[in-house]
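Notes for the structure review
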Amino acid sequence: QTVRWHIELQPWASPTPSLNYEASRFLKYISTSQIACEHMNLNSLKGYSETTKKPWSVCLDERFSLIHRIRSKKCRLYSLGLGNDDNQFELSMASSGCEVHRFDPSIKSAHIQQGRHLWHHRLSIDWRDPNPAIAAHKLHSNTKKLGTVLNEFGHQKIDVLKADVESAEWKILENLILEDVVEQIGQLVFEVHIHWPGFEVSGNDSTVVRYWYSLLRELELKDFRLFHTYKDLSKPQMFLKKEAFNASSCYTLSWVNTRWK
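Identification of the protein as MET24 protein from Emberiza fucata is taken from an unreviewed UniProt entry.

Spelled out as structure tokens, the structure:
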């Protein structure tokens, strides 16, 4: 299989590149569910009280594997974050019997186990592995690609990948697609930030939005379907530093891999 170095860019939304057309296509895309999911709330599993600050929605419909993996205590969640205090989703997944791994470079020890099913790892998931020459100087630069971590942990599959990584999500998503790691994932729940291009995403505004859109279309080509979208109105209404397009700077998007039955 040939290695892919970049994703396929979708055609421009209009005959000549235009931010207005790109933005409106992209925003319509992330606001439209592609598949209906009737059961999205972990609370329905075990009478949890609804205290989550954000709707980290997973699809618990019988036709997908997650609910069956939760029942048989075989599910696995990877959660990527940066010093985030809102652990409610991880705790409820762990108390449902899922094996939960939280990756956060700000924690104090390399690995901490909390309860039977929840582990915290002082690791930052990135879109590249560290350069060995540089990493030697920075003992705490524990930055690895998700594929590398899966291999090191001996994990073949992740039932849910949750990411709240403050604008690193675009390059991480690109890496998961280019290396086919995304096919090892059952559901993706990502917070996406659109107030600036994101780490190492370059180009003018219309090029950036076309790239974002193309990434999400690649997920669709890999049989992922968007089933829930949440527009965070508590965040500034900014789209690439502009108060336009009636967009929030932050959306939480959930996809299910329809190959995972």
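The next subject is the sheet that holds strand β7 (residues 158-164). A sheet is described by the order of its strands in space; here eight strands give the open sequence β3-β4-β2-β1-β7-β8-β10-β9, paired in mixed fashion. The open sheet has two edge strands with one neighbour each: β3 (111-114) and β9 (224-231). Averaged over all neighbouring strand pairs, the angle between strand axes comes to 15°, with direction disregarded. Direction of pairing for strand β1 (residues 76-81) relative to strand β2 (residues 99-103): parallel, over a ladder of five bridges. The partner of Tyr78 across the bridge, within β2, is His101. Set on the sheet, helix α5 (residues 146-153) makes contact with β1, β2, β4 (118-121), β7 and β8 (185-193); between it and β1 the angle comes to about 135°. Helix-sheet contacts for helix α7 (residues 205-221) involve β8, β9 and β10 (250-257), and the interaxial angle to β9 is about 135°.

A few words on empty space enclosed by the protein. For the structure on display, the rule yields two cavities of 30 Å³ or more. Each pocket or cavity is described by its volume, and for the second largest cavity that value is around 40 Å³. Around the second largest cavity, the lining residues are Phe64, Ser65, Leu66, Asp159, Gly186, Gln187, Val256, Asn257 and Trp260. Those elements giving two or more residues to the lining of the second largest cavity turn out to be α2 (65-71), β8 and β10. Classifying every residue of the lining of the second largest cavity by side-chain character gives four nonpolar, four polar and one charged.

All told, the structure shown has ten aromatic pairs when counted by the stated rule. When the ring of Phe26 is compared with that of Phe239, the centres are 6.5 Å apart and the planes differ by 55°; the resulting orientation is tilted. Here Phe239 lies in the loop between β9 and β10 and Phe26 lies in helix α1 (residues 19-30), a separation of 213 residues in the sequence. Take Phe239: its relative accessible area is 0%, and that puts it in the buried class. When the ring of Trp212 is compared with that of Phe239, the centres are 6.1 Å apart and the planes differ by 80°; the resulting orientation is edge-to-face.

Further remarks concern α7. Between its first and last C-alpha atoms α7 spans 25 Å; for 17 residues at 1.5 Å apiece the expected length is 24 Å, and the two agree. Taken together, the buried positions of α7 are Ser206, Val208, Val209, Arg210, Tyr211, Trp212, Tyr213, Ser214, Leu215, Leu216, Glu218 and Leu219. Summarising the contacts, the buried residues of α7 are in contact with α1, α6 (169-178), β8, β9 and β10. Where α7 ends, the next residue or the one after it, Asp223, has phi of about 75°, a positive value.

As a further point, take the environment of Glu38. As for its placement among the helices and strands, Glu38 is situated in the loop between α1 and α2. Taking the relative accessible area as the measure of exposure, Glu38 reaches 70% and is therefore exposed. Spatially, the C-alpha atom of Glu38 lies 18 Å from that of Val160, the residues being 122 residues apart in sequence.

We now examine the state of the cysteines. Enumeration according to the criterion identifies two disulfides in this entry. The partner cysteine of Cys37 in its disulfide is Cys59, sulfur to sulfur 2.1 Å. The chirality of the disulfide connecting Cys37 with Cys59 is right-handed, given an S-S dihedral of about 105°. Pair noted here: Cys37 is in the loop between α1 and α2 and Cys59 is in the loop between α1 and α2, with a separation of 22 residues, a long-range link. Note that Cys75 is cross-linked by a disulfide to Cys98, the S-S spacing being 1.6 Å. Because the torsion about its S-S bond is -115°, the bridge between Cys75 and Cys98 counts as left-handed. Here Cys75, found in the loop between α2 and β1, pairs with Cys98, found in the loop between α3 (88-95) and β2; they are 23 residues apart in sequence, far enough to count as distant. Classification of Cys98 by relative accessible area gives buried; the value is 0%. Should the bonded cysteines of the protein be numbered as they appear in the sequence, the pairing reads 1-2, 3-4.

Conventions we followed
- Residues numbered from 1 in each chain as written.
- Predicted model: local features only at pLDDT ≥ 70, side-chain atom pairs only at ≥ 80, totals over all residues.
- Heavy atoms only, no water.
- Pairing = 2+ DSSP bridges.
- Helix = DSSP H or I, 4+ residues; strand = E, 2+ residues; numbered from the N terminus.
- Axes fitted to C-alpha atoms, helices over the stretch in contact; angles between N-to-C directions.
- Contact = heavy atoms within 4.5 Å.
- 1 Å grid on protein atoms, 1.4 Å probe; cavity = no way out; pocket = protein on both sides within 12 Å on 5 of 7 lines; lining within 4 Å.
- Points joined across faces, edges and corners; volume = space filled by probe spheres on them.
- Nonpolar A, V, L, I, M, F, W, Y, C, P; charged D, E, K, R; others polar.
- Phe/Tyr/Trp six-rings, centres within 6.5 Å; stacked < 30°, edge-to-face > 60°.
- Buried < 20%, exposed > 50% of the residue type's maximum accessible area, 1.4 Å probe, protein only.
- Expected span 1.5 Å × (residues − 1).
- Disulfide = S-S within 2.5 Å.

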